[in-house]
Structure formats: structure tokens, C-alpha cells
Amino acid sequence: MSASNVLVVAEHLDGVLAEVTFELLGLGRALASAAGGKLEVALLGSGMDQAASHLGGADRVLSVDHASLRGFHPEACVAALVQVLTEHPARTVLTSTTSMGMDLAAALAVRLQRPLIAYAQDARLEGDLLVATSQLYGGKLLVESAVEGDCVLSVLAGANPAAAGRVDGSPEVVAVAAPAALASCRLQWLEQIKPPAGDVDITQETVLVCVGRGIESEDNLPMAQELATALGGAVCSSRPIVDNKWLPKTRQVGKSGLRVAPKVYLALGVSGAPEHIEGMKDAGLIVAVNTDATAPIFEHAHYGTTEDLFDVVPALLERLR
Amino acid sequence: MNIAVPIKLVPDLVEELELNDDGSDLDHDALTYKINEFCDHALEEALQLKEAHGGSVTVLALDRDEADKALFTALAKGADRAIKVTGIDENTGTLTAAHAFRAALAGVEFDVLLTGVQAPDDREGQLGVLLASLLEIPHVSAVSEVSFDGGTVTLHKEFAGGVLARYQVAPKVVLGIQSARQAPRYAPVSRVRQLMKEASLDEIEVESPTNTSPEVRRVFRPTAGRGAEMLAGTTEDVAARIAELVLAHRGAR
Ligand SMILES: Cc1cc2nc3c(=O)[nH]c(=O)nc-3n(C[C@H](O)[C@H](O)[C@H](O)COP(=O)(O)OP(=O)(O)OC[C@H]3O[C@@H](n4cnc5c(N)ncnc54)[C@H](O)[C@@H]3O)c2cc1C
């Protein structure tokens, strides 16, 4: 029954498993049960023994241990995963849309000649078909796809509950010999660089005022700062604001920034792309100000307004004075 | 080094995304297409690298409306060569696009391929990773800070929480650019118009690829109503309600 197995690719940095691994295990368990198959997890790294003890959500750990798998190495990981799947076939391979998963999913699909469905927020079996819904167009549209047989699924980080896959205790660990290709990778991993500490730790704030591209100019940031101060919080932002160097990286919320869960999150001119939502969906109260009534941020906010932020913020400041 | 930048044209997300009558696809004719934001960053990074280290920048786009404009814009920004890839369905998915670019690249000399890290319509995966895998060369996604040193390429890949890793690779390689070292430059409209009159685009015709894509069952909008309660009234009413909500949820300080 190996053909009905599901393989989750574990993600970790320095041996610490990423939250998304448990999200994938939860989804993977549902798919494996529906197909009557096993749920296996590929653990790639160097000296990763400790991590297996958190993978109790799977039936088996398929581990590849090799020096070239230190850090995150796209070329080595793909080669190792092809080896894992050759020895332990699985019908469905689950990866995620993280920075790491992005370098694995499409590469595996091409190497294994399987279809890939990316940005999936969910997946289920309908008879022989795997049906998945992808969040596309910055979260503005959903696309339902169906594939028969072997496939790779790249699942949106943050879209499935991690609790469903978080089971302590190690299942059986099976070592898979590293393929020869790992000794001759063209890409070289050199070092990991930790971000410098910032002036403000946005993960510790009770109130966050988040500015997105709707803020238009660096000159408008003091207005947001004034509002944050009046509310007893701090300013954070979406990625483009940091790319513009209007705020330091330590203020960025989302996939390539920080995950925050303040009591209050006030989003000003933020569209609500999946990469942003991932970082703030657990906030206690989310209020969104966005002139586009179809902006995806309103799917996730508790309260919203399509008033112009340049009208709302001054009115708010007036009120709080 | 010679850099090739295959770009994607995607619907402008600022506009209403119209669907076709049976809800199986976007209504492509009703949409405005523009260069994918991340591809614009890839182009900018390519131009920056050329300005710092020499070499050339070749931009490629699949033929569709707005392709000419995007390619002439790239020339106006400083690209050396612009290629329109013809012969395939303009509304094709990313996998087919990757096959088409691979075929077209057989006629282009390049050391490094820069792509946008992702595009809003990447249901079948990201162009850069697909293309690298078809070309059987290494790839890295979510890349910033690319530099050339002699014959090697050094780069940063971004992970969650602002963590970076540094890599080195000898060409050929595909890098999925997350953000250029500076915001993409603007090309003066007059210059683009002038080039449209005076310059010409190279064209490479490719055979329509035979790959199959996962079947699309339906395209739909996220269910309305599940989301936010919209605040009613004047700006002052809205501001008053927001203040009330925030103060109530923030709790005592
Ligand atoms: C690998 C990867 C990682 C990423 N990581 C992150 C991340 O960590 N964090 C992140 O945020 N993004 C991240 N992104 C980028 C993400 O895809 C989006 O591009 C980004 O979140 C968009 O930012 P935005 O909402 O500020 O801008 P836009 O999408 O441009 O939205 C601006 C919004 O402002 C509204 N607006 C404009 N003017 C006004 C006004 N006067 N009043 C009210 N509203 C107004 C508009 O209607 C629009 O909805 C990542 C992308 C990739 C590919």
C-alpha cells in the first residue's frame, strides 16, 4: 500500500522544527487516513537526531544525515528527497510555501515528473482524485485543482492548524543512505546570518499599528508613529515598506519577517497578501483600513473600513487627544 | 557575466479580477496585464549587477498583450536585448511558460538567470525553480544581495524572522529574486515611446510544449461574510468606533 502513502518534508533551522512542519503533518494525517496509507516524514540534515522526538505525528521518520545538508541547501535537499522517494514511494508529497519549501516543491515535481499544486490552503481526496484549493492573486481568488495519482502539494504556511500534527515522542526512524550526488553539489552553503536586534521587539507589543504600501511615502510614517504612541503600541509594516528602507527589517510582519500576535493589530493600507497574513492572523483584534473593498485583508480582519487612511488616522488622533 | 531575465506578465491586482461565465478561469480579455512586481525587482537587480560588473542583460517575455510594452520598457531601463517568445497560448500556466522559456533560452547566451521569486498566478509553482529544474542547473529562491566575484556568484537567501544564509555558486544558476538592492527604477514614458518607434524586439518562436497541468475545476472568490464587519457612518463615526474597539481590546495599561 506504499502508493497511498503521504510524505511530509520537515522544515527546520538549526535543528529546530518549523511550525509549518506540524501543520503539514496534521493535513498529511487526514490525507493518509483517507487513502488508507502511512504518513511518513522526511528529515534531512546533519546531526538531527533530537528533532525526531517531536515527530510523533508521523508513522515513520525517513532520515538522511549528511554534512552537505547543514543549513538549508536546495540542491542537496532535492537530491536527498528524490532518494527518499525512490526507496519509499509516496503518492502525495507535502511541502510548504516557505522560503525553503519554495526551493523544493517545483524541483521535486520536475525531477519526479509529477504535477504540482502550489499555494494550497487545503486538500482532500475525492475517490482517486486529490482536490486542493490554492490561494492565488495575492489572496484575491481561490482556484480548485484536481489531480489523479502521484503529486506534489505545496501548502500555504499558516493555513492549517499546527496542533493537529504536534505529537511528542519519536516514531520509528529509518535511515536512508545519502545519494552520491550530495558529494558533488554545485551550490555551496557558506553561513547563516542572524538578524541584528532591533530598537523595538514587535513580538512583545500589545498594540501594533501596521503600515502597508497605502501609506505612500516615508513622510507619512510620523503620523502612524503618533497613532501608535497614542494607543500605547508600536509601528510595524508590510514588506514593501522595509524593502523601501523606510523601516528596519525588525519591524516587518509576515513570512520573511516576524510572526506577531498582539492584542490589537490595526492595518493601514495593507492588502493582506498570504505572506503578510501568515505573520499576524493570530492577533486578538484585527482592524483593517483599506480603500479597496475587495482587499483580502478584510477576510481576516474582525472589523474593517474602506475609508481613506489619510482621513481615518487624523480623525482617530483627534479622538484620542 | 551575462544575465537573462525571463519576466511574467500578470493581471494588475489593483483592478477587479473578472471571472469568465462558467467560473473556470479569469476573464483574461477584461484584465490589464503588467510586469509581475518581483520580476521588476529581478530586472532591477540584473541592471545593477551589469552596472557594477559589466556583462549584458537579456529580457524575455512570452507574447501577449502588454508584452511589447514591458520589453521596450526593459530596454529603456538599460537592458541590452529584448526577446519576445512566440508560439504558445498567451494565458498559459507557469509550467508551460517554463518549458517555453527553456526552449527559447537555447538561443541565448547566459550565465545567470534572474526571475521574480513568485507571481500571483503560480498555481503550478514558481517559474525560476521550474526553469532551473528543466535546465538541470541549481536554483535558490527568496534571494537578495547578489554579487559577482570573478567567476562566482554570491547571494543571500531569506528565511523567516529575518534570518539569512549566504551561498556561493559557479554559473549557471537560477536565482528567484525577492527584492532588488534598490527599488526598481522608472523608465521615462517618452523614452519607451521612442524605442517602440525606433527599436525592434527579437522574436524566438517555440513549439507549444506538451506538458499537462493539474485540471482547474473552478475559480472563485473567498466567501464573503466570513470576514470583517464593515464599520458604517461618517469618517468620525468610524474613527470613534475604532478607538472604542482598540481601547477595549487593549485592556488596561
Ligand atoms: C517569499 C516571500 C516572502 C514575503 N514575505 C513577506 C512578509 O514577511 N511580509 C509582508 O508583508 N509581505 C511579504 N511578502 C510580500 C507580499 O507578497 C506582498 O507583496 C506584500 O505583503 C504587499 O504589501 P502591502 O499590502 O503593503 O502592499 P499592496 O499589496 O500594494 O497593498 C497596498 C494596499 O493599500 C491600499 N491603499 C492604498 N491607498 C490607501 C489609502 N489612502 N487608504 C487606505 N488604503 C489604501 C490598497 O487598496 C492596497 O490594498 C513576501 C513575498 C514573498 C514572495
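Cut-offs used in this document
- Residues numbered from 1 in each chain as written.
- Chains lettered and ligands numbered in written order.
- Predicted model: local features only at pLDDT ≥ 70, side-chain atom pairs only at ≥ 80, totals over all residues.
- Heavy atoms only, no water.
- 1 Å grid on protein atoms, 1.4 Å probe; cavity = no way out; pocket = protein on both sides within 12 Å on 5 of 7 lines; lining within 4 Å.
- Points joined across faces, edges and corners; volume = space filled by probe spheres on them.
- Nonpolar A, V, L, I, M, F, W, Y, C, P; charged D, E, K, R; others polar.
- Pairing = 2+ DSSP bridges.
- Helix = DSSP H or I, 4+ residues; strand = E, 2+ residues; numbered from the N terminus.
- Axes fitted to C-alpha atoms, helices over the stretch in contact; angles between N-to-C directions.
- Buried < 20%, exposed > 50% of the residue type's maximum accessible area, 1.4 Å probe, protein only.
- Expected span 1.5 Å × (residues − 1).
- Contact = heavy atoms within 4.5 Å.
- Near = heavy atom within 4 Å.
- Polar contact = N/O pair within 3.5 Å; in protein donor to acceptor, adjacent residues only side chain to side chain.
- Areas by Shrake-Rupley, 256 points an atom, 1.4 Å probe, with all protein chains shown as cover.
- Parallel < 35°, antiparallel > 145°, perpendicular 65-115°, else oblique.
- Left-handed = near helix turned anticlockwise from the far one by under 90°.
- Domains from an automatic or database assignment.
- Buried area = accessible area lost by both parts, 1.4 Å probe.
- Salt bridge = Lys/Arg side-chain N within 4 Å of Asp/Glu carboxyl O.

Residues and elements named next belong to chain B. Throughout the structure, instances matching the rule amount to three cavities of 30 Å³ or more. In this structure, the largest cavity encloses a volume near 110 Å³. Its residues placed into classes, the lining of the largest cavity shows eight nonpolar, two polar and one charged. Empty space within the second largest cavity amounts to approximately 50 Å³. As for the second largest cavity, its lining consists of Pro6, Lys8, Asn36, Cys39, Thr115, Gly116, Gln118, Ala119, Asp122, Gln126 and Leu127.

Spatially, 10 strands are ordered S12(A)-S9(B)-S8(B)-S7(B)-S10(B)-S6(B)-S1(B)-S4(B)-S5(B)-S11(B) in an open sheet, and the strand pairing comes out mixed. On the outer flanks of this sheet lie strand S12 (187-193) of chain A together with strand S11 (202-205) of chain B, each paired with one strand and no other. For this sheet the average axis-to-axis angle between neighbouring strands, irrespective of direction, equals 30°. Bridge count for strand S8 (residues 152-158) of chain B against strand S9 (residues 164-169) of chain B is six bridges, and the pairing is antiparallel. Looking at S9 of chain B, one finds that threonine 154 of chain B is bridged to glutamine 168 of chain B.

Right, let's get into the pairing of strand S6 (residues 112-116) of chain B. Residues and elements named next belong to chain B. Of all five residues that make up S6, five are buried, and the element is covered over most of its length. The alternating pattern of S6 places Val112, Leu114 and Gly116 and Leu113 and Thr115 on opposite faces, both of which are buried. Bridge count between strand S1 (residues 2-7) and S6: two bridges; the pairing is parallel. Along S6, the bridge assignment pairs alanine 4 with leucine 113. By the bridge criterion, five bridges tie S6 to strand S10 (residues 173-177) in an arrangement that is parallel. In the sheet register, leucine 114 faces S10, and the bridge partner there is leucine 175.

So, about helix H3 (residues 94-105) of chain B. Residues and elements named next belong to chain B. Relative to the 16 Å expected for 12 residues at 1.5 Å per residue, H3 spans 16 Å between its end C-alpha atoms, a close match to the ideal helical length. Looking only at H3, the buried set comprises Thr94, Leu95, Thr96, Ala97, Ala98, His99, Ala100, Phe101, Ala104 and Leu105. Those residues of H3 that are buried lie in contact with S1, strand S4 (56-62), strand S5 (81-86), S6, helix H4 (127-135) and S11.

Another point: the site of the ligand. All names here are of chain A. In the neighbourhood of the ligand, 30 residues make up the surrounding shell, with Ser238, Gln252, Ser256, Ser271 and Asn290 lying closest. Serine 238 places a polar side-chain atom, nitrogen or oxygen, 2.6 Å from an oxygen atom of the ligand. Between the ligand and glutamine 252, the relevant distance is 2.7 Å, taken from an oxygen atom to a side-chain nitrogen or oxygen of the residue. Contact with the protein chains removes 87% of the 990 Å² of surface that the ligand exposes when unbound. Its residues assigned to classes, the shell around the ligand shows 10 nonpolar, 14 polar and six charged.

Axes are the key here: two packed helices are described by the angle between their axes and the distance separating the axes. All names here are of chain A. Two elements in contact, helix H2 (residues 74-87) and helix H4 (residues 105-112), have axes whose closest approach is 10 Å; the angle formed by their N-to-C orientations is 50°. Classed by the angle they form, the pair H2 and H4 counts as oblique. Crossing hand, H2 versus H4: right-handed. Residue-level contacts link Val78, Leu81, Val82 and Leu85 of H2 to Ala107, Leu108, Arg111 and Leu112 of H4.

It is worth spelling out the domain arrangement of chain A at this point. Residue and element names in this part refer to chain A. By domain assignment, chain A separates into domain 1 (6-184) and domain 2 (202-320). Computed over C-alpha atoms only, the centres of domain 1 and domain 2 are separated by 32 Å. Listed as interface residues are 11 residues of domain 1 and, on the opposing side, 11 residues of domain 2. Carbon and sulfur atoms supply 52% of the area buried between domain 1 and domain 2, which totals about 790 Å² over both sides. Salt-bridge contacts for glutamate 23 lead to arginine 259; the nearest nitrogen and oxygen are separated by 3.8 Å. At the surface where domain 1 touches domain 2, the tally comes to three residue pairs in polar contact (both at pLDDT 80 or more). Across the side of domain 1 that touches domain 2, the residue classes break down as two nonpolar, six polar and three charged.

Bringing the side chain of serine 96 of chain A into the picture now. Residue and element names in this part refer to chain A. Along the chain, serine 96 turns up in strand S6 (residues 92-96). There is a polar contact of 3.1 Å between the side chain of serine 96 and the side chain of glutamate 11. Separated by 3.1 Å, the side chains of serine 96 and threonine 98 make a polar contact.

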